[in-house]
Amino acid sequence: MNAHTSRPLVSHRSRRLSLARVVVHVSHRVASARPRVHPSSSPSTFRRIRASNSHDPISSPIPPLTPRRRAMNSASVERVAFGVTIIALAIHVAWRVVVERIVRATLASARWVRRELVLATGGARRAARYVPVLGHTIALFRAVGSYPCTWDLFARWGAEAAPRPARVQIFQRHCVVVADPELVKRVMQTNLKGYKKDTEFSYEPFLEILGTGLVTSEGETWKAQRQRISSALRIDILDDIIAIATRAVERLSEKLERAKRTGEPVEMAEEFRLLTLQVIAEAILSLTPEQSDEVMPNLYLPIMEECNRRSLEPWRKFLPTPEWFAHRKRVAMLNAYIIDMIRARWKKRMSGVKNPNPDILDRVLASVDEDEYGAEVERQMCFEIKTFLLAGHETSAAMLIWTTWELVNNEEKMKKAVDEAKRVFAEVKPGALPTREQLDKLDYNVSALKESLRLYSVVPVVTRRAVEDDVLGGCRIPKGTTVIISLQGVHHREDLWPNPLAFEPERFTGGKGDELGNYAYLPFIQGPRNCLGQYLALLEARVVLATLLKRFKFVSASSKNGAKHTKAIPIAPADGMWFTIE
């Protein structure tokens with residue numbers, strides 16, 4: 001080993017510290033150095049030295065440097081040296097930040113160019129209304145608040161390109177829209193590991209509700225959460241839902257009886273929304289109807305409304321408007337309310353107090369070990385509860401109002417549903433609850449609910465992000481591409497559903513049309529990530545629908561009834577849904 005190679009390697013940090021030490025050492029030497037006069041020096045030499053260190057040529061000889069002055073000079077030099085070191089370090093850090101940003105931007109640009117080239121040459125056809133640089137952004141934003149709306153455009157582009165994907169560009173984001181069962185199955189099941197939830201784009205406006213809950217989590221976290229939730233939704237919870245839904249529809253019936261006497265129209269979309277919130281709030285947290293009506297309309301529903309607006313108006317997230325501050329306050333209040341309930345329930349559990357009628361929260365907490373419980377568990381459960389609230393009432397309310405609307409507009413189909421409801425409930429003993437076996441006989445009512453979910457596609461799209469290169473429909477899909485699965489596009493394809501825009505409950509009677517594994521019917525998704533609460537939602541909805549249909553006649557009371565909301569998910573009526581009750 002020669003002299004050059006034997007020298008130790010020194011890190012950048014060590015070199016910076018060594019430099020600082022040298023500066024301090026030299027400064028000390030300079031400060032402490034004084035002219036020394038040898039005893040043998042001549043008087044003239046002494047006078048020259050004295051003159052060079054004096055402001056006045058005739059001043060007295062320089063006094064010796066006191067310890068105090070020496071300490072002051074040393075401290076000043078140390079401060080200067082420290083300042084120089086800080087400045088040098090700041091310059092170094094700033095340079096590293098700039099370089100790292102440049103590197104990241106360069107890599108991001110390279111990845112963007114690669115996606116562009118792969119998609120351009122990979123076989124996927126570009127959707128209509130493309131504009132250079134901005135892609136399809138202008139077309140999509142013009143569709144907000146109009147017809148066809150944003151979801152209609154996705155459905156059209158996906159169906160026109162099927163069985164291949166359609167290329168879409170939103171700002172600088174590369175996307176493909178798919179509306180084919182085989183492609184959906186590839187993304188949702190056969191290559192599940194190749195696609196992740198798109199939390200950076202489509203789910204981002206809803207993360208204040210969903211957080212790291214079951215809808216957005218991945219991998220082992222998702223598996224553990226799904227196991228915990230599925231165990232809480234065992235078959236016995238379905239019997240609880242029958243009782244809860246029956247109590248809720250009885251309360252609504254009292255309100256409708258009053259409207260029947262007065263002749264005043266009732267906005268049924270909002271009534272169904274409040275009813276399904278009462279049901280899910282009691283099922284999860286054992287909230288009374290009064291507690292639900294106090295908390296949910298004032299906190300949860302305004303939060304959901306703002307999240308929906310941000311999904312199509314993303315700038316709202318960054319503008320410090322009064323609504324921005326109000327939204328932030330509501331989110332904090334809802335989180336605090338739920339976490340306080342979790343803590344109170346856990347405290348009761350630890351003290352040995354059991355809920356005689358355990359709800360979903362009790363069942364979930366039963367799977368938590370004492371040494372596991374803490375702030376992180378509380379936070380995660382808060383997200384799970386909010387996810388339950390979102391998934392547990394919005395879809396149910398939407399399918400109830402659209403089913404009611406379609407039946408009101410078709411006298412023959414309404415008669416079938418009413419006759420079936422009267423026949424089944426005639427078997428129920430007075431004062432008793434219907435059993436699951438009896439409710440299973442509501443075949444036409446359940447088929448009407450399923451057909452509404454197909455026709456209106458209350459969740460019109462779901463998205464995934466490709467985490468590796470793949471091939472869909474013979475087209476190359478590069479890593480980083482956003483895959484927009486148009487459920488509405490699948491549900492409205494005429495080759496899959498003849499006369500797709502007609503309301504035909506007969507498509508599903510006798511168990512036809514759904515859950516066949518062919519990915520043509522997707523309101524609850526299919527595959528490993530299908531909706532855990534789908535049976536709960538359909539059971540609740542059939543109790544409510546059949547009870548109301550056998551008791552009341554609904555008559556449309558507004559010319560605006562039937563228009564779809566263009567911004568909200570799940571798809572709700574644009575201007576409410578008004579009926580008079582007979």
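Residues numbered from 1 in each chain as written. Predicted model: local features only at pLDDT ≥ 70, side-chain atom pairs only at ≥ 80, totals over all residues. Heavy atoms only, no water.

Q: Tell me about the side chain of R542, and please be specific about residues and values.
A: With respect to the secondary-structure elements, R542 resides in helix α19 (residues 534-551). Given a relative accessible area of 11%, R542 falls into the buried group. In terms of polar contacts, R542 uses its side chain to reach the backbone carbonyl oxygen of L439, at 3.4 Å. Once you skip the residues sitting within four places of it in the chain, R542 turns out to touch L439, D440, L442, V446 and L449. (Helix = DSSP H or I, 4+ residues; strand = E, 2+ residues; numbered from the N terminus. Buried < 20%, exposed > 50% of the residue type's maximum accessible area, 1.4 Å probe, protein only. Polar contact = N/O pair within 3.5 Å; in protein donor to acceptor, adjacent residues only side chain to side chain. Contact = heavy atoms within 4.5 Å.)

Q: Go over the environment of P523, please, and point to the residues and values.
A: Mapped onto the elements, P523 comes out in the loop between α18 (487-491) and α19. When the C-alpha atoms of P523 and V461 are compared, they prove to be 9.9 Å apart, with 62 residues separating the residues in sequence. What P523 contacts, discounting residues up to four positions off in sequence, is L453 and H491.

Q: Can you break down the environment of P163 residue by residue, with the values?
A: Take P163: it is sitting in the loop between α5 (150-161) and β2 (166-170). Each C-alpha atom of the pair P163 and G474 lies 9.3 Å from the other, and the pair is 311 residues apart in sequence. Beyond its immediate chain neighbours, meaning those up to four positions away, P163 contacts D180, L183 and G473.

Q: An account of the packing of aromatic side chains is requested, with residue identities and associated values reported.
A: Tallying each qualifying case throughout the model produces 11 aromatic pairs. Both rings, one in F554 and one in F579, keep their centres 6.0 Å apart while their planes meet at 80°; by these two values the pair is edge-to-face. Of this pair, F554 sits in strand β10 (residues 554-556) while F579 sits in strand β11 (residues 578-581), placing them 25 residues apart in sequence. For F579, a relative accessible area of 0% gives the class buried. Pairwise contacts between aromatic rings join F141, F171 and W315 into one cluster. R126 extends its terminal NZ or CZ atom over the ring of Y130, reaching a point 3.7 Å from the ring centre. Here the guanidinium or amino end of K550 rests over the ring plane of F425, the centre of that ring lying 5.3 Å away. (Phe/Tyr/Trp six-rings, centres within 6.5 Å; stacked < 30°, edge-to-face > 60°. Lys NZ or Arg CZ within 6 Å of the ring centre and 35° of its normal.)

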